[in-house]
Amino acid sequence: MARRGALTVIIVVILSLFLLPPVSSRAGDCEDARVQAATAVIREIMDIPECAIPPGLLRCAQGIAIFPGVIKAGFVFGGRYGVGVLLLRNADGWGNPVFFRLLGGSFGWQIGVQSTDVILVMKSIRSLDAMCGGNFTLGGDASIAAGPVGRQAEAGVDILLSAEILSYSRNRGLFLGLSLEGASIMLDQVATAAFYNVPGLLPIDILRRPNLMTTPPVAAELRRVLDWYSTH
């Protein structure tokens, strides 16, 4: 078991090294691109009603995390790694994004590399301090289940709302509920600081105090898109 865990960690570390962004000519350029990618993922998914997240889930969600282009790779032992954004709902709609990393391992007959968009719809957030304070395990620190898709799934949504987080993935045009039990999300304070370019700004302040700073244009567009799909 210890050997399996060590191999998973090695795979995840290798994935993270390959996925580290190049040095940008302007602080936050890479983060802008990630927020734009997150916006594109939401648009593309929600514009196909039979494959979309049920609108009722977005209307009652307290938070959403979007990880565009999560890389999954493995040879028997596998790893999953990606960087994305988390937004919380506030009295005025969706707030400003904070950057997180998604890391996970798996074991079984698997080989190859694939890129997947991952979305976590959060019905409730009991452990925001824990989420922003370190390693947050899906299924451990918060219950998680594969989410339903399509407007026809609205009728069965209440059953699944017992889970705090509903997870989704999109790969090669397919959008499906995804099991992420045991995966972790970790605060990416460096990316968050680069995106806002405000020294000393705490990520938890961004989530709890959405009017603390001026919203970057790409973040304003993501918020607008989420507000639209949450109310229509």
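Located above this text is the structure these notes cover.
Just so it is clear, the structure is predicted and the values come from calculations on it, not from any experiment. (Residues numbered from 1 in each chain as written. Predicted model: local features only at pLDDT ≥ 70, side-chain atom pairs only at ≥ 80, totals over all residues. Heavy atoms only, no water.)

Participant: Which residues make up helix H6 (residues 189-196), and what values do they have?
Facilitator: What sets the pattern is the α-helix's 3.6 residues per turn: residues three or four places apart point alike. For H6, the set of buried residues is Ala191, Thr192, Ala194, Phe195 and Tyr196. With its phi angle positive at about 55 degrees, Asn197 sits one or two positions after the end of H6. (Buried < 20%, exposed > 50% of the residue type's maximum accessible area, 1.4 Å probe, protein only. Helix = DSSP H or I, 4+ residues; strand = E, 2+ residues; numbered from the N terminus.)

Participant: If you had to explain unusual backbone geometry to someone new, which residues and values would you point to?
Facilitator: Non-glycine residue Asn197 carries a positive phi angle of around 55 degrees. For Asn197, the location among the structural elements is in the loop between H6 and helix H7 (203-208). The class of Asn197 is exposed, set by a relative accessible area of 59%.

Participant: Would you mind going over the nonpolar core in detail, with residue names and values included?
Facilitator: Ranked by internal contacts, the top residues of the largest apolar core, which has 61 residues, are Ile42, Ile64, Phe67, Ile119, Leu120 and Leu138. With eleven residues, strand S1 (residues 63-90) is the largest single contributor of residues to this core. Look past the residues within four positions of Phe67 in its chain and what remains in contact with it is Gly82, Val83, Gly84, Phe100, Arg101, Leu102, Thr116, Asp117, Val118, Leu120 and Ile185. (Core = buried A, V, L, I, M, F, W, Y, C linked by side-chain atoms within 4.5 Å. Contact = heavy atoms within 4.5 Å.)

Participant: I'd like to hear about empty space enclosed by the protein, residue by residue, with values.
Facilitator: All chains considered together, the criterion is met by two cavities of 30 Å³ or more. Here the largest cavity defines a volume of roughly 40 Å³. As for the largest cavity, its lining consists of ten residues, of which Ser124, Ile125, Arg126, Phe136 and Ala142 are closest to the centre. Taken together, the residues of the lining of the largest cavity sort by class into five nonpolar, two polar and three charged. (1 Å grid on protein atoms, 1.4 Å probe; cavity = no way out; pocket = protein on both sides within 12 Å on 5 of 7 lines; lining within 4 Å. Points joined across faces, edges and corners; volume = space filled by probe spheres on them. Nonpolar A, V, L, I, M, F, W, Y, C, P; charged D, E, K, R; others polar.)

Participant: With reference to specific residues and values, describe the packing of helix H2 (residues 29-46) against helix H8 (residues 217-231).
Facilitator: Interhelical geometry of H2 versus H8 gives an angle of 20 degrees and a closest axis separation of 9 Å. Between H2 and H8, the interaxial angle falls into the category roughly parallel. Taken as a pair, H2 and H8 cross one another with a handedness that is left-handed. Residue-level contacts link Asp32, Val35, Gln36, Ala38, Thr39, Ile42, Arg43 and Met46 of H2 to Val218, Ala219, Glu221, Leu222, Arg224, Val225, Leu226 and Tyr229 of H8. Of the residues that constitute the contact of H2 with H8, the class distribution is ten nonpolar, two polar and four charged. (Axes fitted to C-alpha atoms, helices over the stretch in contact; angles between N-to-C directions. Parallel < 35°, antiparallel > 145°, perpendicular 65-115°, else oblique. Left-handed = near helix turned anticlockwise from the far one by under 90°.)

Participant: Report on the pattern of salt bridges, specifying residues and quantitative values.
Facilitator: Applying the stated criterion across every chain yields a total of five salt bridges. Glu44 serves as the salt-bridge partner of Arg170, at 2.7 Å between the closest nitrogen and oxygen. With Arg170 in strand S6 (residues 165-171) and Glu44 in helix H2, this pair connects stretches of sequence that are 126 residues apart. Note on Arg170: relative accessible area 19%, which makes it buried. In this structure Glu44 comes out as partly exposed when scored by relative accessible area, which is 41%. For Arg224, the salt bridge identified is with Glu221, shortest N-O distance 2.9 Å. Pair noted here: Arg224 and Glu221 are both in helix H8, with a separation of three residues, about one helical turn. For Arg224, a relative accessible area of 44% translates into the label partly exposed. Taken together, the shared-partner salt bridges connect Arg43, Glu221 and Arg224 into one network. (Salt bridge = Lys/Arg side-chain N within 4 Å of Asp/Glu carboxyl O.)

Participant: Describe the environment of Val85, and please don't skip the residues or the numbers.
Facilitator: Among the secondary structure elements, Val85 is positioned in strand S1. By relative accessible area, which is 1% here, Val85 ends up buried. For the pair Val85 and Thr192, spaced 107 residues apart in sequence, the C-alpha to C-alpha distance is 9.2 Å. Every residue in contact with Val85, bar those within four places of it in the chain, is listed here: Val35, Ala38, Ile64, Ala65, Ile66, Pro97, Val98, Phe99 and Leu222.

Participant: How would you sum up the side chain of Ser230? Please name residues and give values.
Facilitator: When you line up the elements, Ser230 lands in helix H8. Under the relative-accessibility criterion, Ser230 is labelled buried at 3%. Engagement of the side chain of Ser230 in a polar contact is seen with the backbone oxygen of Leu226, the distance being 2.7 Å. Residues within four places of Ser230 in sequence aside, it is in contact with Leu58, Arg59, Arg89 and Trp94. (Polar contact = N/O pair within 3.5 Å; in protein donor to acceptor, adjacent residues only side chain to side chain.)

Participant: For the packing of aromatic side chains, give the residues involved together with the corresponding values.
Facilitator: Following the criterion strictly, the structure yields two aromatic pairs and no others. Judged by centre distance (5.4 Å) and plane angle (65 degrees), the ring pair of Phe99 and Phe195 falls under edge-to-face. With Phe99 in strand S3 (residues 98-122) and Phe195 in helix H6, this pair connects stretches of sequence that are 96 residues apart. Its relative accessible area of 0% is what places Phe99 among the buried residues. (Phe/Tyr/Trp six-rings, centres within 6.5 Å; stacked < 30°, edge-to-face > 60°.)

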